[in-house]
Structures are given as C-alpha cells and as structure tokens.
Amino acid sequence: MGGRILLVEDEANIVEALGFILSRDGWEVRGHGNGNSALDEIERLKPDIVVLDVMLPGRSGLDILRDLRGAPDTAELPVLMLTAKGQSRDRDLAMSLGADAFLTKPFSNAELVATVRDLSARIGASGGR
Amino acid sequence: MTDPDTSRRDRLTGTRIRDRRMAAGIKQADLAARAGISASYLNLIEHNRRRIGGKLLIALARALDVEPSVLNDGADATLRAALNAAAGPSDPGAASAGPAPETDRVDELATRFPGWTALIAGQQARIEDLHADLEALRDRLSHDPKLADAMHEILSSAAAIRSTAEILAGEAELDPAWRTRFHRNLHEEAQRLSDRATGLVAQFETPLGSDSVIRPVDRVEAAFDAAGHHFPAIEAGGAAAVPQVLAALGPLDAAGADLAAIWLATYAKDAARLPLAELEARLGAAGGDPAALLAGDMPRAALILRRLACLPSRSDRAPFGLAIVDGAGGLVFRRRADGFTLPRLGARCPRWPVYRALTRPGQPEDAVVSVPGLGLFRTWSVAEPVAHLGFGLAPMAQATMLVRKLAEADAATGAGAIEVGPDCPVCRAAPGLP
C-alpha cells in the first residue's frame, strides 16, 4: 500500500518535479499552493507525510506547523520542512516548533528521496518502495 | 625595577633622533651645534648609548622641529593600538600561519618605517570597517523580511531548476510528454530566476545614503563594539572629552556622527552620575552580583544596568550585554556579548524579560533565559518612565536589560529558565496569536 504525501509548496514547477520523483518512489503525491487553506487540505486528505515550504502565500509554513503540532490529530504527523539556504533562523524556528526533518533549497532529488524514506522508516509509515 | 617597555623606549629615543635628523637632511655636527653639545656626544645618544631627557631632549626636538614626545614616546597611542590590533589575529586559526608579529618592537617599526606603519594602521582600520559591514549584512540577511523573501524566491527557483534538470538528465526512458513538460518548466523557471536575481541585485545596488545596506546605526554600533563600549577619556574627562572620542571612533557619515554624539553624551552623563571607581567598589562589595547592587540603589536601577555594560574589559570577568527598548518594543540600544543579541530588524521574541519589565515599570527582575543553540543567560531588567505625557496619562516607559552568559557549570540554574526564541514570526508558546 502506497503512502500519501502532501506537498504544501506554491512554486508549481517544484511541485511538478518533486511530485514526479516521489511518485516514482511509490508515493501518492498531491500538491497544495496556499498557506491559508493548507490545514483544511491536510484534514481532508489525511496524508502520511507533509512536505511543507516555509514561505507560502497567505500563511507561513511555520504558522501551519505550529497549528499542526497544537492539534491532537496532527501533533504526530511527520513534517518535512523546506527552508532556504542561509536562513538558519527558519531552521531554528522549525526545529523548536517540532519539524521532523529539513531540506535546504536547493537540494538534490536523491536527498529528497532519502529524507522521505528515512522519515517513513522512522515513523513506521507505510510509504512506497 | 625598570619596566622593560620603558627601558626599550629610552633606548630607542636615540634611534628616533637619528632617523629624524637624517630625514631632515641635517648633518650630525650641525644638529649637535644647534643643541649645544659635541658631535661625538650626539653620536653616543643616536646609538642609544647615552640616556637623554630634560632640556637636551627639548633642545634637540626644537632643532628637529618636532614635539619632544615624538622623540621620547615613539608611536602615539592610537597608532600603537591600531598596530597591536593588526597583530592580534581576528581569526584564532590564523595565528599559526607564519611567525608571530614582534609586538614588543612596535615603536621601532613606527620610527623606522613610518610609511609602512601608516599603511598597516590604515589597512587595519579598513578591515575593521569591512567586518562591521559584514556583520550588518549578516544581520540584514537574517532579519530583513524583504530580503529574506527575495532570497527564498531565488533559492526556490534554483530548487525547481535543479530537480527538473536532474530528472531530464537522469531519466533515459522519460515519457516524451513529460520530457516536453519539464523542458517547458525549465525554460519558465530560468526566466523567473533571471528576473528574481536582477531584483535582488537592485536591492544591493541601492547607493549608500538614503536607504543604505549599511545603516549609520550599524556603523556606530560597530565602533562602540570595537571600543568594548568603554571610553576611558570620557570616564576621566567627562562630557568635554566627547568630541575627542567621537573623532577617534573612525569615519562616520553625518547621521552616524549625530547618533554617536548622542550615545556618547548619554555615556558621559551616566559616568558623571555613577563614576567608574564608585561602580567598581560597589560591585565588589556586592560580590559581583548586579541584583545585590540594584537592591541597594533602586531609584538608579536603569543607570546601574547601563553602567555595568560599560565596565572596562578584564580577563577575570565576562562582558555584559545590554538591550534598551522603548515602549513600542523598538530596540533603542544594544551591546552584543557572548552570543547575546536582539535583532535590530524584524520581530523579536516577546518572552525576553526586557519586554515583561515594560509592563511593570520600577520593578526590577532577575531571570535566567534559555536561547536555542546559545545556552543560558542571566538577565537583570527594569523599566522606568522616560517622559511624562500629561496629567492622567501613563508615562512613556523604556526598559533596560543587562545580560550575562552563564557558564556550563551554572547549568543547574537553567531548571526554571524562560525559553526565548530567535525571533517572533510564530511561537508554540503563544498558539492564540494570529
């Protein structure tokens, strides 16, 4: 059974490329580009893993992460944060808010796949392969 | 016992006289005659075989058209400080590269090679200036939201291009429809990256002045940091010494000079109200504990905190950091120390005790805070009214916080520490905030 990943990222070309890569690795991938409605989308789709960009239109990824950790249903939902190189502040904040893993843009496809696999192994999710 | 520095200086007085004489193209016999001594005696002096002082030094100085102190003391204090700063590695790792500078021969260097000395001192000043620029840029990159957004957009484009290009390069059997799609994406994203990069460069190319990358406050702060936030001339001479200290702070533009003058005037006023000797004596009597010091002099609590942040540096005590914020939470003044800082730009964490103090004017607070990645800091904070707005209106308050890094050994104190964040766009501690 393939796990489901929600990519919360507003850059359509990133969603397309990452979606392709993760689908190849056996995941069912959905994309969502708006910060304001991301929580509703997570509630609706019930993904196994969320890949969350820090900077989103409407609401920041850090805000969304804080709300995810504050709600009982999503307190343990694995979240991979995408931060930008040089913005160590975002990493510090995401870490203190309880992100499970990070990738710093720009990253390689191999890094993404390895991180998602590692995350899925750590939490025992039924991810692809 | 003779101080080795003094005796070396004495010995070099002769060398300086000789160098000055030769530079001026005066024969030894002529200079001797002008000073009323024999040429052979001047020869002994010039080879540092006779000590010289008093009237003879004045006579030779007059004959050479220089101040006696130039012959006697060698390099002036400012030059000496610049050379010593240049000798001390800014990067400790650089210390092992090549032989160490001969700091005990600074006078000899300055006397023999005034041109090279001026060049070294000038370059040292330039290096310090560039360090200040770098620090300000780093601060801006970390905390300027506009710049952070621009960087994030560029790196997002780079991420899209990298992932897409890797797929195109690595997938030999890629479906033609996908291939066409990814090629189109690549083209689109390359165009976007080009626009975004041009926009970012335009931000950095803003001419210095109106909206400079390096603001006057950054330069003034860097100059205060370089001085260790301690100005002996003002401690000794009061407000009268401000112009002299201001001139020694280095090149500042008009806005920077105005700001530095205000900060130095406040320093002078504080030093007059609480002289260094009194502060050191009372700090000693309080066992080095600022809280004990405050308890004995509550009406002057903010003054005491400001003065403690200006103590001369000593190897047996860590420097204090300081933050002063206005009623709106804006950073009025800061002294960074041992990793402590409050960002000048962007939102700051409201859990720092300095903000809590604003809600309780006149009530000092002693608290330990924990900063992710930096460890524990002890803080002493107090707010006081700085302006009265009228009858029936709350006065305008300003809060002052003194900060000192706690050693690993004090980690037990961290049990009840307040957790503060790097800044405040979001915070798990305040989930109700919008």
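Look up a bit, the structure's there.
Worth saying up front: this structure is predicted, and the values here are computed from it rather than measured.

1. Quick look at the sheet that holds strand 2 (residues 28-32) of chain A
Neighbouring strands of a sheet are bound in pairs by backbone hydrogen bonds; such pairs are parallel or else antiparallel.
Residues and elements named next belong to chain A.
Alright, step 1. Read across the open sheet, the five strands follow the order 2-1-3-4-5; overall the sheet is parallel. With one partner strand each, in any of the chains shown, strand 2 and strand 5 (101-105) form the two edges of the open sheet. In this sheet, adjacent strand axes meet at a mean angle of 20 degrees when their direction is disregarded.
Alright, step 2. One ladder, built from four bridges, connects strand 1 (residues 4-8) with strand 3 (residues 49-53); its direction is parallel. Looking at strand 3, one finds that Val8 is bridged to Leu52.
Alright, step 3. Sheet strands touched by helix 2 (residues 38-45): strand 1, strand 2 and strand 3. Its angle to strand 1, the strand with the most contacts, is close to 170 degrees.

2. A word on the packing of helix 3 (residues 61-70) of chain A against helix 4 (residues 88-97) of chain A
All names here are of chain A.
Alright, step 1. Look at helix 3 against helix 4: their axes get within 9 Å of each other, and the N-to-C directions meet at 10 degrees. By the angle between their directions, the pair helix 3 and helix 4 is classed as roughly parallel. Within the contact between the two elements, helix 3 uses Leu62, Leu65, Arg66 and Arg69 and helix 4 uses Leu93, Ala94 and Leu97.
Alright, step 2. Here the residues of the contact of helix 3 with helix 4 sort into five nonpolar, no polar and two charged.

3. Section: unusual backbone geometry
Alright, step 1. Going from A:Lys105 to A:Pro106, the amide bond is cis rather than trans, its omega being -5 degrees.
Alright, step 2. Note on placement: A:Pro106 falls in the loop between strand 5 and helix 5 (109-123).
Alright, step 3. Phi angles above zero are rare outside glycine, and B:His229 is one such case at about 55 degrees.
Alright, step 4. Position of B:His229 among the secondary structure elements: in the loop between helix 11 (216-226) and helix 12 (232-237).

Basis of the calculations
- Along each chain, the written sequence defines residue order, and numbers are assigned to residues from 1.
- All chains are assigned letters beginning with A, and all ligands numbers beginning with 1, in the order in which they are written.
- In keeping with the predicted nature of the model, local features appear solely for residues at pLDDT of at least 70, side-chain atom pairs appear and are counted solely at 80 or more, and the whole-chain, interface and lining totals rest on all residues.
- When DSSP finds two or more bridges between a pair of strands, those strands are recorded as paired.
- Each helix corresponds to a stretch of at least 4 residues labelled H or I by DSSP, and each strand to a stretch of at least 2 residues labelled E; elements are numbered beginning at the N terminus.
- For helices, the axis comes from a line fit to the C-alpha atoms of the stretch in contact; other axes are also lines fit to C-alpha atoms, and the angle between any two N-to-C directions lies between 0 and 180 degrees.
- Each residue gets a C-beta atom placed from its backbone, and two residues are in contact if those atoms lie within 7 Å.
- Angle categories are assigned with fixed cut-offs, so that under 35 degrees is roughly parallel, over 145 is roughly antiparallel, 65 to 115 is roughly perpendicular, and the rest are oblique.
- Each residue is assigned to one of three groups, with Ala, Val, Leu, Ile, Met, Phe, Trp, Tyr, Cys and Pro labelled nonpolar, Asp, Glu, Lys and Arg labelled charged, and all others, Gly among them, labelled polar.

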